[in-house]
Amino acid sequence: MRPVKLASMSEEGKKEQPERAKTVDGLEKKWTQWWSEKKIYEYRGKSRGSTYSIDTPPPTVSGHLHVGHVFSYTHTDIIARYKRMKGFDVFYPMGWDDNGLPTERRVQNYYGVYVDTSLKFDPSFVPPLEGGKAGKDFKPAPCSRENFIKLCEGLSQKDEEQFKNLWVELGLSVDWSRTYHTIGPECRRISQLEFLRNLERGEAYQKAAPVLWDTTFQTAVSQAELESREYPGFYHTLLFRADGGKVAIKTTRPELLPSCVALIANPKDPRYGRLKGKKARTPLFGVEVPILFHEAVEMDKGSGIAMCCTFGDATDVEWWKELSLPLRPILTKAGRICASVPEWIENEAGKEAFEKLEGLTVFSARKEIASLLKGSGEMEGEPVPTSRMANFYEKGSKPIEILPSRQWYIANGSHDEKLRRDLLRCGEELSFHPAFMKRRYDNWVEGLSEDWLISRQRFFGIPFPIWYRVKESGEVDYLSPIRALPADLPVDPSSSAPQGFEEKMRGKPGGFVAEPDVMDTWAASSLTPLLASGWKKDENLFEKAFPMDLRPQGQDIIRTWLFDTVLRTWLEFKELPWKDATLSGWILDPDHKKMSKSKGNVVVPKEPIEEYGADAVRYWAACARLGVDTAYDEGEMKIGRRLANKILNASKFILDLKPDEADFSLVTSPLDLSLLSALFEVEKKAACALEAFDHALALQETEAFFWSFCDDYIELVKDRAYRKDESALNALRLALDALLGLFAPFLPFVTEEAWHWAHPKGLSVHLSSWPLPLEDKAGAEGFENAAFFLSLLRKRKSEGKVSLKTEVKKAKIFGPGAKEARIADQDLKAAVHAKEIEFDPSPLQAGAEIEF
RNA sequence: GGGCGAUUAGCGCAGCGGUAGCGCACUUCCCUGACACGGAAGGGGUCGCAGGUUCGAUUCCUGCAUCGCCCACCA
C-alpha cells in the first residue's frame, strides 16, 4: 500500500480554519452523524405516487466486503439521492443475506464446529474456537443443528454491524430503520407462506428423480448454481462381450461400470447395426445389458457406442427415461461406491470385483477398476489423459454427480410453454440498463430444461413448513404432506408438531416426521421485493412501495436473483416486481484480472476510503457506466479528491464575497445571465442522463462545467466581484448553490459541508430540490465565447512566458464568436490586465493577439 | 458450436456519418488577493484488420483477428 501522508497536513489545515474545512478529511464522520440524527434519509411513506422504491441487493454476509461492493452500491445511491432531490420519497431499505451455505462455511471455520444431526440442543455448548485460528492438531467439535443455527445467527449479526459501518462511511443514503435479513423470523415467515401458496396453486411440487448432487456438501443443487470447469480425466477403452466378439467402449467414468444398464449406438451407424436385438456382458461383473439405439449418440465420439449408467451425465438420464431402462445406483450421497454388492451382480467373480470397490471415492474407484480391468484383460491399452469440461456446483470442488432422490421444485417454465412465454414477456417489459443485458435473461429463460430445485440438504436455511405422516408400517408417506397453518408461520417442523399431532408422535408409526430439508437461499432472496415492502405484514407500506421501481444488481446473478424474483412475483401477482433493473460491471484489479479472494488481489474498501475520502471513492465508482467492467484505479480517486477539495475552495471564495442568499433579479449583466443560461443547459443534461441511469454522463457534464466555471467565469468576474458588483455576486452565488446541488448525489459529504456554509440554518442539501429554478434569459453563447477567448489570451501569455497578471497594452479578439464574447468586454479587459481590448468578428478564423 | 460485450494517445476511458476528445502520466511556465493537497499552456493517435454502403466511415453493414463473459459440449 502507498504511504499515507495526509493526516498531518489536514491537521494544519484545521488549525488555520477551525470552522471551515480546508480539505475533505474528516467530513464523513461529521455528516453521517448529522444525517442519522436528523433522519435525513427516512422514508416518510407519504403516498404511492411520490414513492421511489429500491430493491437493494442484500449482500452475502460472510466475512469481508471488497471494493466491488462499494462500486455498484454507489451507482444505486446516486440514483437514490437524485430521486430524493427530485422530490421523491425514496424507499431505500437494506437487507442482509445471511442465510445459506456461505454463512455455514464461515461458522464452521470461525468456531471450529460441524453439525451432527443426532445431537440434541445443548444450551451450555461452547465452541472450541473463536475467530478461526486453529492449531495443528485441532479437531472440530460436533454440535446440534439448533446450536449451529444459533452460532450462525450470532456471527452474521456481528458481520452485519461491520457491513453497516462501511455503508454508512461510504455515504449510502439508506433508511437504516428499514433492514431485513434473510434468516430472520419475518423472512422465514414470508418464505414459508409464499411456498405454501405456490404449493396450493400447484406451482411447487415434490418428485423423486435424478438430481444434480454435490458430494462435498451433500446436497442437491439447481441448474442455476452450476459452473463448468476444466477437469482432467482419462479415456479408458473397456471391452464388452457381445455376439461372440468384443465391443470397445470408450469412457472417462469406468467406475460406473457396475451401474451400466445398456450399450447404446446410433441407429444409422453401420458398424453396430448387426448387434440389433443382441445383448452384451459387462467386463468384470458379467452383467447382461441390452444393446439399444438412440439418435443422441454421436457416431464420431469415442468409439461411437456408449455405455449408459445410473448416472454418468445428463444424456444417461435422457436415455434412461426415453428407453425405459432400469435404475442401478451405486453411488452414495457422499460420492462413494455403496457398501454392499447390488443384487443385479450375480456371478461370483463379479461380486468379488465389486467388493474391492466398496466404500471407495469415485476418484479411487476409477483407479482400482482400471487395474482390475487390466488384470482381467478387458481394457484395451492404457488410460489416455484428456481434459474436458465438467459441471461443478459453483461453491464446490468436485464434479457434480447425478443421483436419484426426492426433492421439492418450483415450476419455472421449463416444462410449461405458457409460463415460459409469460416470463419472456416479463423480460420485454422490464427495462434493463444497459439494454443488452436483457439478452442474458432471454437466453436463460429459453434454455431452461428443468424446474427450479429448491430443496437443500443443509442446516442453516429456511425449513419447509411441511411434515409427513408415518404409516402404521413405519413407512413415511411422502405423497400427502401435512402443511403448516399460515397463522403458525414461521415454523420449524423439526422442533414443533403439526396441528392434530403431539410431539411424542414424532417418528412413530401412525405419527409424523418433519421434512428435513431447507430451502435454497435464492428461494428467500427471490422474495426481497415482498420482504422489503412489507407484504402480508404492513399492507399500508406494501401498497405504496410495491411494485418497486428499481432493482440494482450484479450481472452475474441475472439467471438467479433477477430471474427467480421475476418468476416468483409473476406466480403470485402476475406482474413485474420492478420497472427498471440496473446492472453494474465487474471490478477488475489494475491488471484487468477479476478480483477474487483466491487470487489474493482483493482490495478492502476501508483503505481507499481512509486515504482518499468517501467522496473520492464514490467519484471513482461514478465515473464508470453501468455494465462496464472497471479497473480498480486509485488515480481516479485522487482526481475525485482534488475535485472535492476544489469544491470546498470555490465555495469558500464565493461565500466570503457573498455570504447571504442570492436574488436572481439582481443579475443584470449579460455575461452573468449567460453563465446562468449555460448552467441551465448543464442541469437539463445532467437530469436527462440520470433519468436514463447514466450517472457517469451526468457527472461528466457537471464536472466539465464546474472547471470552466472556476477557470473562466470566476476569473472573468473577479474584478467586478471585488468591487461588490451585485450582478456578479448574485450570479456567483446562484451558480454555487446550483452546482452544490448537481454534485450532491455524487459527492454527498463535501457538498453537504459547503451547503451548510452557504445556508447555516438550512436543511440538508440532500433534501433540497434538484436545482432547475433558473431562467434561461440570455443563451449560453456569450459565456462560452468569452471563456473561449479568455483561454486563447491565457495561451498567448503562456507562450510569451509571462505571468498571467502581467499588464498588457492591448488585446485583440477576432473571428467567429468575437461578437458574442463582446458582452464580456470589461471583464475580459480586467481578467487579462489589458488597457484596451479590440473585437473584430470579420476574420473567418477565430484567434486572439496580445500587444505587450 | 451459439449468444453478448470490448478493441480510439504510454495508461484509463468518452464520442459517433462531415477537419479526432477527456483525465492521468509526460514537457514548459506560473507561489496571480479561493485553491501549490494549486493553476496555465504544450507535445503525443493513419480510432484492431480486410472488404462494402456513402460525396464522405473511427462512427453504418459484412467478414476476420484478439480479449472478456454467459450458455451448450461431459460417452
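Before any of the text, the structure's been laid out above.
For clarity, every value in this text was computed on a predicted model and none was experimentally measured. (Residues numbered from 1 in each chain as written. Chains lettered and ligands numbered in written order. Predicted model: local features only at pLDDT ≥ 70, side-chain atom pairs only at ≥ 80, totals over all residues. Heavy atoms only, no water.)

Enquirer: Explain the sheet that holds strand S30 (residues 847–851) to me, please; I cannot follow it from the model alone.
Expert: One key point about sheets: their strands pair by backbone hydrogen bonds, in either a parallel or an antiparallel sense. Within the open sheet, the three strands sit side by side as S29-S28-S30. Their pairing is mixed. With partners counted over all chains shown, the strands left at the sheet margins are strand S29 (834–840) and S30, one partner each. Along the sheet, successive strands turn relative to each other by an average axial angle of 15 degrees, direction set aside. Relative to S30, strand S28 (residues 808–814) runs antiparallel, the two being bridged by five bridges. Looking at S30, one finds that Lys-810 is bridged to Glu-851. Contacts from helix H23 (residues 781–799) reach S28 and S30, with the element oriented near 45 degrees to S30. Contacting S28, S29 and S30, helix H25 (residues 825–832) runs over the sheet at an angle of about 135 degrees to S29. (Pairing = 2+ DSSP bridges. Helix = DSSP H or I, 4+ residues; strand = E, 2+ residues; numbered from the N terminus. Axes fitted to C-alpha atoms, helices over the stretch in contact; angles between N-to-C directions. Contact = heavy atoms within 4.5 Å.)

Enquirer: Help me understand the pattern of salt bridges, please; the structure alone is not making it clear to me.
Expert: Two side chains that carry opposite charge are able to pair once their charged atoms sit near each other. With the rule as written, the count across this model stands at 55 salt bridges. The partner of Lys-718 in a salt bridge is Glu-715, with the nearest N and O atoms 3.2 Å apart. Taken together, the residues Lys-718 and Glu-715, both in helix H20 (residues 695–722) and three residues apart, mark about one turn of the helix. Take Lys-718: its relative accessible area is 26%, and that puts it in the partly exposed class. In this structure, a network of salt bridges that share partners links the residues Glu-194, Arg-197, Arg-201, Glu-203 and Glu-572. (Salt bridge = Lys/Arg side-chain N within 4 Å of Asp/Glu carboxyl O. Buried < 20%, exposed > 50% of the residue type's maximum accessible area, 1.4 Å probe, protein only.)

Enquirer: Explanation requested: the sheet that holds strand S24 (residues 548–554) in the structure shown.
Expert: Reading across from one edge, S17-S25-S24 is the order of the three strands in this open sheet, with parallel pairing throughout. With partners counted over all chains shown, the strands left at the sheet margins are strand S17 (431–433) and S24, one partner each. In this sheet, adjacent strand axes meet at a mean angle of 20 degrees when their direction is disregarded. Here three bridges tie S17 to strand S25 (residues 578–584), and the two strands are oriented parallel to one another. Looking across to S25, one finds that His-433 is bridged to Thr-582.

Enquirer: Would you take a moment to explain the protein's contact with RNA strand B for this structure?
Expert: In the vicinity of RNA strand B lie 47 residues, with Lys-250, Asn-391, Arg-559, Arg-625 and Tyr-722 positioned nearest. The side chain of Arg-642 places a nitrogen or oxygen atom 3.3 Å from a phosphate oxygen of RNA strand B. Ala-650 places a polar main-chain atom, nitrogen or oxygen, 3.4 Å from a base nitrogen of RNA strand B. Listing elements by their share of the surface near RNA strand B, those giving two or more residues are strand S9 (226–242), strand S10 (245–251), helix H7 (314–322), strand S15 (379–393), helix H11 (438–447), helix H18 (634–657), H20 and H23. At eight residues, the largest contribution of residues to the surface near RNA strand B is made by H18. Taken together, the residues of the surface near RNA strand B break down into 16 nonpolar, 13 polar and 18 charged. (Near = heavy atom within 4 Å. Polar contact = N/O pair within 3.5 Å; in protein donor to acceptor, adjacent residues only side chain to side chain. Nonpolar A, V, L, I, M, F, W, Y, C, P; charged D, E, K, R; others polar.)

Enquirer: Can you help me understand the environment of Trp-320 in this one?
Expert: If you trace the backbone, Trp-320 turns up in helix H7. A sequence separation of 474 residues divides Trp-320 from Arg-794, and the C-alpha atoms of the two residues are 82 Å apart. Ignoring sequence-local partners within four residues, the contact set of Trp-320 consists of Pro-210, Phe-311, Leu-325, Pro-326 and Leu-327.

Enquirer: Just to check I follow, could you spell out the side chain of Ser-526 for this structure?
Expert: As for its placement among the helices and strands, Ser-526 is situated in the loop between helix H12 (521–525) and helix H13 (528–532). There is a polar contact of 3.1 Å between the side chain of Ser-526 and the backbone oxygen of Ala-523. A polar contact is formed between the side chain of Ser-526 and the side chain of Arg-568, at a distance of 3.5 Å. Residues contacting Ser-526, with those up to four places away along its chain left out, are Trp-452, Trp-561, Asp-564, Thr-565 and Arg-568.

Enquirer: Sorry if this is basic, but what is going on with the nonpolar core here?
Expert: Nonpolar side chains tend to gather and get buried jointly when the protein is soluble and globular. In terms of nonpolar packing, the biggest core is built from 125 residues, with Trp-620, Leu-676, Phe-705, Phe-706, Phe-709 and Tyr-713 touching the most fellow members. A per-element tally of this core places helix H21 (residues 726–743) first, with 12 residues. Every residue in contact with Phe-705, bar those within four places of it in the chain, is listed here: Leu-675, Ala-678, Leu-679, Val-682, Leu-739 and Phe-783. Counting residues in each nonpolar core, the second largest holds 79 residues, with Phe-148, Leu-199, Ile-454 and Ala-523 among its members. (Core = buried A, V, L, I, M, F, W, Y, C linked by side-chain atoms within 4.5 Å.)

Enquirer: Looking at this model, I keep getting lost on unusual backbone geometry. Mind explaining?
Expert: Where the residue is not glycine, phi is negative for most of them; where a peptide bond is considered, it is trans in most cases. The omega torsion across Thr-310 and Phe-311 is -20 degrees, close enough to zero to call that bond cis. Here Phe-311 is to be found in the loop between strand S14 (305–309) and H7. We note that Gln-218 has phi near 55 degrees; this positive angle belongs to a residue other than glycine. Within the fold, Gln-218 resides in the loop between strand S7 (204–214) and strand S8 (219–220). Positive phi, normally seen in glycine, also occurs at Lys-536, with a value near 60 degrees.

Enquirer: Help me understand H21, please; the structure alone is not making it clear to me.
Expert: Working note: α-helix, 3.6 residues per turn, so residues spaced by three or four point in the same direction. Helix length check: H21 (18 residues) gives 26 Å between terminal C-alpha atoms against 26 Å at 1.5 Å per residue, within 8%. Counted residue by residue, H21 has 17 buried out of 18 residues, so it is predominantly covered. Capping the start of H21 is the job of one residue whose side-chain oxygen sits 3.2 Å from the backbone nitrogen of Ser-727: Asp-725. (Expected span 1.5 Å × (residues − 1).)

Enquirer: What is the right way to look at helix H10 (residues 417–429) in this model?
Expert: Given a rise of 1.5 Å per residue, 13 residues ought to cover 18 Å, and the 18 Å separating the end C-alpha atoms of H10 matches this to within 8%. All of the buried residues along H10 are Leu-419, Arg-420, Asp-422, Leu-423, Cys-426 and Gly-427. Buried positions in H10, seen along its axis, are confined to an arc of 160 degrees and lie on one side of it. Of the exposed residues in H10, those oriented more than 90 degrees away from the buried face are Lys-418, Arg-421, Glu-428 and Glu-429. Of the surrounding elements, those touching the buried residues of H10 are S17, H11 and helix H15 (558–573). (Arc of directions from axis to C-beta.)

Enquirer: How should the environment of Lys-276 be read in this particular structure?
Expert: Along the chain, Lys-276 turns up in the loop between strand S11 (260–265) and strand S12 (279–281). For the pair formed by Lys-276 and Ile-291, sequence separation is 15 residues and the distance between their alpha carbons is 6.7 Å.

Enquirer: Can you help me understand empty space enclosed by the protein in this one?
Expert: One simple way to see leftover space: roll a probe sized like a water molecule over the atoms. Under the counting rule described, the total for this entry stands at one cavity of 30 Å³ or more. In this structure, the largest cavity spans a volume of roughly 100 Å³. Sorting the residues of the lining of the largest cavity by element identifies strand S18 (452–453) and H15 as the ones contributing at least two each. Ranked by residue count, the leading element in the lining of the largest cavity is H15, at three residues. A per-class count over the lining of the largest cavity returns seven nonpolar, three polar and five charged. (1 Å grid on protein atoms, 1.4 Å probe; cavity = no way out; pocket = protein on both sides within 12 Å on 5 of 7 lines; lining within 4 Å. Points joined across faces, edges and corners; volume = space filled by probe spheres on them.)

Enquirer: Please clarify how the side chain of Arg-366 should be interpreted in this entry.
Expert: With respect to the helices and strands, Arg-366 occurs in helix H9 (residues 362–376). A relative accessible area of 11% places Arg-366 in the buried class. In this structure, Arg-366 is in contact with His-236, Thr-252, Arg-253, Pro-254 and Glu-255, ignoring residues within four places of it in sequence.

Enquirer: Explain the packing of H20 against H21 to me, please; I cannot follow it from the model alone.
Expert: Helix-helix packing is described using two parameters, namely the angle between the two axes and the distance between the axes. Closest axis-to-axis distance for the H20/H21 pair is 11 Å, and the angle between their directions is 160 degrees. The angle between H20 and H21 places the two elements in the roughly antiparallel class. In the packing of H20 onto H21, the handedness of the crossing is left-handed. Residue-level inspection shows Leu-699, Thr-702, Glu-703, Phe-705, Phe-706, Phe-709, Tyr-713, Ile-714, Val-717, Arg-720 and Ala-721 of H20 in contact with H21, the latter providing Ser-727, Ala-728, Leu-729, Ala-731, Leu-732, Ala-735, Leu-739, Leu-742 and Phe-743. Looking at side-chain class alone, the contact of H20 with H21 contains 16 nonpolar, two polar and two charged residues. (Parallel < 35°, antiparallel > 145°, perpendicular 65-115°, else oblique. Left-handed = near helix turned anticlockwise from the far one by under 90°.)

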